[in-house]
Number of protein chains: 2
Amino acid sequence: MFRQLGLIGCGLMGGSFALAVRQAGLVERVVGYSPTARSRDAALALGAIDTAVDTPAAAALGSDLVLLALPVASTEVTLRAICDALARETLVMDVGSTKSDVVQAAAAALGSAQLPWFVPAHPIAGKAQAGVAHSQADLYQNCLVVLTPGAGTNAQAVAKAHQLWQALQSRVREMTPAAHDAGFAAVSHLPHLLAFALMNAITEQPNGADLLSLAGPGFRDFSRIAAGDPALWRDVLLANRLQVQEQSALFRAQLDALEHCLEHGDGAQLSTLISQASTARTAWKMGG
Amino acid sequence: MFRQLGLIGCGLMGGSFALAVRQAGLVERVVGYSPTARSRDAALALGAIDTAVDTPAAAALGSDLVLLALPVASTEVTLRAICDALARETLVMDVGSTKSDVVQAAAAALGSAQLPWFVPAHPIAGKAQAGVAHSQADLYQNCLVVLTPGAGTNAQAVAKAHQLWQALQSRVREMTPAAHDAGFAAVSHLPHLLAFALMNAITEQPNGADLLSLAGPGFRDFSRIAAGDPALWRDVLLANRLQVQEQSALFRAQLDALEHCLEHGDGAQLSTLISQASTARTAWKMGG
């Protein structure tokens, strides 16, 4: 399907993508760039990439598929750096958790020849441990991948992106960047913010370490996402801050309602509110 | 170690306890009571109990070990109901998530002969699906069990409780009821409240179902505890409301600090706050 993948960013997402497309036989060769020599070396050792290069442009050169797998704030500068190195009709995608800012960055950085071949993508995948060393070829299997092409995106590029992710057994869905960002503010970005706040609320207490020693499996699962990469989440939260703040306001109103029940000892209403949450969560199935 | 376990409450916690003590050879016979015929039948079918009875007192009669595994608000009325049926030196324990209220309930309900043999217990165990049908004999293996005996608790009863939980391969720890309740407000009760509030904030939006269809593994883990039993969590949150509200205020202050960074585009401070959370969560190990 492709000759060469230019992988820009060798972390969990990028490394797993490279392993997956190789295993699926979709590329012949992977050239990888990463800001640190350490992750480049790890990607080589893992067999995720064949060759490590020193610049994003060197990874793009000669590639007919390019994946950006870096914190979203780097999108514009990276696309500018590779723009001249991109061959005609090279499919370029990212994996960022926000899309309006990425679309804006691409419009600013890419020329009229390259922009139609940029298909913004967000695979909803992740695991407890980040870093290329934890890459796995099946990370994208059964996972949702949201594509946010615009009116100016080449139809052939969009079709290729669909085929590629489907070949990795992902479920592909198209959305507008705005709908994407609003949705993920609710189900991903805000939960991260809440998990960060809870961890800090505990560790700021004088007996924080004691408190953590009591925590069990509920806390383990609830707080897992608090271990996220600070640079990545700083970028996501800032890029999508209006939507995140809007979702936070809705959340605070619901927290107020629950605490109002505590304040007034209103067991009946408290039970009603918990039932609403419990019923919805019990009915929810990932990808259902 | 015991002849007969009187199990009062056949749910996930009670059913798993019965399976565990049987498997460890700690009891010869289990007599079970549960408010619904359905869970009594399920407990019988599962082999968790040998005999089902119609009242808590009937489960306590002839037992030298009694476990209360019911929502905490039922503690006082249940202890009153079994008090006269308890033989001398019968070890009575509960598994409730709050302890100050349970200690108070026991003091009000039990006589001077029975009260010293009541050892309040809180095993920090749980899983996604509640109900006796999901019971497992190894639920308490490697799990923390907090005991909150008081000055009036019989030393022999406390020693027996230690031995019993240790035989199930739990890690046993003693705390005061107040320290227990403050600690679990931080690491368990507040996280449940936040998870309930997030679910309700999403489902109250007109496109709530759409939003949930986007959610991935991070959301799955974060929101798992929102599926908790409404009656159980109503009781826990009301019983421990002062501590929960105190922890919620600390949480809100940290959420405010994070949102202040979003409001002012302060990436440096945002990154610092996320790093603090991420470092703490990465370093945390359950039971470590």
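In this text the structure is predicted, and so the values were computed from the model without any measurement.

Right, let's get into the relation of the copies chain A and chain B. Mapping chain A onto chain B leaves a residual RMSD of 0.0 Å; the transformation is a rotation of 180° accompanied by 0.0 Å of translation along its axis. Expressed as an axis order, the relation between the two copies is that of a two-fold axis. Among all residues of chain A, the minimum C-alpha distance to the rotation axis is found for A:F222, at 1.9 Å.

Residue and element names in this part refer to chain B. Here we have 6 strands laid out as an open sheet, ordered 3-2-1-4-5-6, and parallel in their pairing. The sheet is open, and its two borders are formed by strand 3 (51-53) and strand 6 (118-119), each paired with just one other strand. The pairing of strand 1 (residues 4-8) with strand 4 (residues 65-68) spans 4 bridges and is parallel. Looking at strand 4, one finds that L7 is bridged to L67. Sitting on the sheet, helix 6 (residues 155-167) is in contact with strand 5 (91-94) and strand 6, with an inclination near 60° to strand 5.

All names here are of chain A. Interaxial distance between helix 4 (residues 75-82) and helix 5 (residues 100-109) falls to 8 Å at its minimum, and their mutual angle equals 30°. As judged from the angle between their axes, helix 4 and helix 5 are roughly parallel. For the pair helix 4 and helix 5, the sense of crossing is right-handed. Together, T75, E76, L79 and R80 of helix 4 and V102, A105, A106, A108 and A109 of helix 5 make up the contact between the two elements.

Our focus in this paragraph is the sheet that holds strand 7 (residues 121-123) of chain A. Residue and element names in this part refer to chain A. Across the sheet, 3 strands lie side by side as 7-8-9; this open sheet has mixed pairing. Across the chains shown, the open sheet's two edge strands, defined by having one partner strand only, are strand 7 and strand 9 (171-174). On average, each strand axis in the sheet is tilted by 20° relative to the strand beside it, whichever way the strands run.

Here the focus is the confidence of the model for chain A. Model confidence for chain A is summarised by a mean pLDDT of 96, while 99% of its residues fall at 70 or above. If you check the scores for this complex, the pTM reads 0.89 and the ipTM reads 0.89.

On to the environment of A:T55. Residue and element names in this part refer to chain A. Secondary-structure assignment places T55 in the loop between strand 3 (51-53) and helix 3 (56-60). Residue classification places T55 among the partly exposed residues on the basis of 13 C-beta atoms within 10 Å. Along the sequence, T55 and A81 sit 26 residues apart, while their C-alpha atoms lie 8.5 Å from each other. When near neighbours in sequence (up to four residues on either side) are disregarded, T55 contacts Y33 and A81.

This paragraph deals with the domain arrangement of chain A. Residues and elements named next belong to chain A. For chain A, the assigned domains are domain 1 (4-175) and domain 2 (179-283). Domain 1 and domain 2 are separated by 30 Å when their C-alpha centres are compared. Contact residues are listed per partner, giving 14 residues for domain 1 and 14 residues for domain 2. Across the side of domain 1 that touches domain 2, the residue classes tally to 7 nonpolar, 5 polar and 2 charged.

Attention now moves to helix 5 (residues 100-109) of chain B. For helix 5 of chain B, the complete set of buried residues consists of B:S100, B:D101, B:V102, B:V103, B:A105 and B:A106. In this structure, the buried residues of helix 5 of chain B make contact with helix 4 (75-82), strand 5, strand 6, helix 7 (177-203) and helix 10 (230-239) of chain B.

Criteria and cut-off values
Residues numbered from 1 in each chain as written. Chains lettered and ligands numbered in written order. Predicted model: local features only at pLDDT ≥ 70, side-chain atom pairs only at ≥ 80, totals over all residues. Least-squares fit on C-alpha atoms with pLDDT ≥ 70 in both. Pairing = 2+ DSSP bridges. Helix = DSSP H or I, 4+ residues; strand = E, 2+ residues; numbered from the N terminus. Contact = placed C-beta atoms within 7 Å. Axes fitted to C-alpha atoms, helices over the stretch in contact; angles between N-to-C directions. Parallel < 35°, antiparallel > 145°, perpendicular 65-115°, else oblique. Left-handed = near helix turned anticlockwise from the far one by under 90°. pLDDT = per-residue confidence, 0-100. Buried ≥ 20, exposed ≤ 12 C-beta atoms within 10 Å, placed from the backbone. Domains from an automatic or database assignment. Nonpolar A, V, L, I, M, F, W, Y, C, P; charged D, E, K, R; others polar.

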